[in-house]
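# Structure assessment
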Amino acid sequence: MHFLGHVVRFIVAAIVLMIVGYIVPDFSVGGFWSAFFLALVIAALGWIVEGIFGKRVTPFGRGIVGFLMSALVIWVAQFIVGGVSVTWLGAILAALVIGIIDLFIPISTPYEAGRDRDRA
């Protein structure tokens, strides 16, 4: 994926996080830049978790473990990014809403989807 594709992906992720902040109680994002940096931190933490525990435990994995790891990553990210406030319940609800939104607006490219399918 080219640089511009990554930028667009993080802009879309930031917009999704701002929408989630509006919908979910106990989850607030200060503005676009906080949401943008939150998206970057969530991606970085997800990459680290994937490197340590493997694909099945990552926020991008499926199942209850991936869902709970996604909530944990969201909760931890608030301590790194300013302007973000999340409770445990807010992180769980945000992970649920982000998962539902991801069903309709997937943030992976066809290349990445094919690469992930080939790895499985």
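Residues numbered from 1 in each chain as written. Predicted model: local features only at pLDDT ≥ 70, side-chain atom pairs only at ≥ 80, totals over all residues. Heavy atoms only, no water.

## Quick notes on the environment of valine 24
This is how the line gets drawn: Starting at the N terminus, helices and strands are each numbered in turn, a helix being any DSSP run of H or I of at least four residues and a strand any DSSP run of E of at least two. Residue contacts are counted whenever heavy atoms from the two residues lie within 4.5 Å of one another.
Inspection of the secondary structure assignment puts valine 24 in the loop between helix H1 (3-23) and strand E1 (27-29). Taking the C-alpha atoms as reference, valine 24 lies 9.9 Å from valine 86; in sequence the two are 62 residues apart. When residues no more than four places from it in sequence are discounted, the contact partners of valine 24 are Gly90, Leu93, Ala94 and Val97.

## Some points on the UniProt feature "transmembrane region" (unreviewed entry) in the protein
Threshold: UniProt positions are given in the numbering used here, feature names are shortened, and annotations may be inferred rather than shown by experiment.
When the UniProt feature table is mapped onto this chain, "transmembrane region" (unreviewed entry) is found at residues 7-24, 30-48, 60-81 and 87-107. Helix and strand shares over residues 7-24 are 94% and 0% respectively, and the end C-alpha atoms of the span are 25 Å apart. For the annotated span residues 30-48, helix accounts for 89% and strand for 0% of the residues, and the straight-line distance between the end C-alpha atoms is 25 Å.

## Focus on unusual backbone geometry
In terms of backbone geometry, most residues other than glycine have negative phi values and most peptide bonds are trans. For aspartate 26, which is not glycine, the phi dihedral falls at a positive 65 degrees. Examined against the element boundaries, aspartate 26 turns out to sit in the loop between H1 and E1.

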